[in-house]
Amino acid sequence: MDEQHRALSKHRFAQAERSLASAKLLIANGDFEGAANRTYYAVFHALRSVLALDKKDFSKHAGVISYFRREYIKSGIFPVEASVIIGDAFDIRSDSDYDDYYEVTEEEIRSLLDSVETLLGWIETYLCERW
């Protein structure tokens, strides 16, 4: 692995951590829809941090998610539960961003946040081993 892709991976994971921190601030302020958006982006940036090590990237979110599921979850590098967390984050974010009448509850976003923190922990462990 070259230093450029290692640096990109670290940068993307830092973005994931900042997105997660923003989500926590938004929850504290009662903005659960905004928190859903930031929580999803924490996942998205974390996935892209892993892909950077393989010199892979995609122009669409679905491409990033599909590749990660195929190469890292299906292969057993990450548990199947990771796929569920990714799907939940994507669905809640999509619903809250695009469905006029969907409202994220505090319980729902706190549960998602807990799951995403677990996912980011798995990813951080993996990244640290590869960096």
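Residues numbered from 1 in each chain as written. Predicted model: local features only at pLDDT ≥ 70, side-chain atom pairs only at ≥ 80, totals over all residues. Heavy atoms only, no water.

Draft legend 1. Focus on the overall build of the protein chain. The helix and strand inventory of the protein chain stands at 5 helices and 0 strands. Starting at the N terminus and walking to the C terminus, you meet the elements of the protein chain as α-α-α-α-α. Scaling as 2.2 N^0.38, a compact globule of 131 residues should have a C-alpha radius of gyration of about 14 Å, and the protein chain matches this with 14 Å. Projecting the C-alpha coordinates of the protein chain onto the three principal axes gives extents of approximately 45 × 25 × 25 Å. (Helix = DSSP H or I, 4+ residues; strand = E, 2+ residues; numbered from the N terminus. Rg over C-alpha atoms; globule rule 2.2 N^0.38 Å.)

Draft legend 2. Summary view of the nonpolar core. With 40 residues, the main nonpolar core has Phe 68 and Ile 123 as its most contacted residues. Listing elements by their share of this core, those giving two or more residues are helix 1 (3-28), helix 2 (32-53), helix 3 (61-73), helix 4 (81-98) and helix 5 (106-130). With 13 residues, the single largest contributor to this core is helix 2. Discounting residues that sit within four places of it in the chain, Phe 68 has contacts with Leu 47, Val 50, Leu 51, Ile 73, Phe 78, Ile 86 and Ile 123. (Core = buried A, V, L, I, M, F, W, Y, C linked by side-chain atoms within 4.5 Å. Buried < 20%, exposed > 50% of the residue type's maximum accessible area, 1.4 Å probe, protein only. Contact = heavy atoms within 4.5 Å.)

Draft legend 3. Just the pattern of salt bridges, in detail. Tallied over the entire structure, the rule returns 9 salt bridges. Lys 55 is the salt-bridge partner of Asp 2, the closest N and O atoms lying 3.6 Å from each other. Placement of Asp 2 in the segment before helix 1 and of Lys 55 in the loop between helix 2 and helix 3 is noted, with a sequence separation of 53 residues between them. Taking the shortest distance from any N to any O, the salt bridge between Asp 97 and Arg 93 comes out at 3.1 Å. Of this pair, Asp 97 and Arg 93 are both found in helix 4, 4 residues apart, which corresponds to roughly one turn of the helix. Residue Arg 93 is classed as buried on the basis of its relative accessible area of 9%. (Salt bridge = Lys/Arg side-chain N within 4 Å of Asp/Glu carboxyl O.)

Draft legend 4. How the structure looks around helix 2. Taking 1.5 Å of rise per residue, the 22 residues of helix 2 would be expected to cover 32 Å, and the 32 Å separating its terminal C-alpha atoms lies within 8% of that figure. Burial analysis of helix 2 places 20 of its 22 residues in the buried class, which makes it a mostly covered element. Capping of helix 2 at its N-terminal end is provided by Asp 31; its side-chain oxygen lies 2.8 Å from the backbone amide nitrogen of Gly 34. Just past helix 2, the residue Lys 55 takes up positive phi, approximately 60°. (Expected span 1.5 Å × (residues − 1). Polar contact = N/O pair within 3.5 Å; in protein donor to acceptor, adjacent residues only side chain to side chain.)

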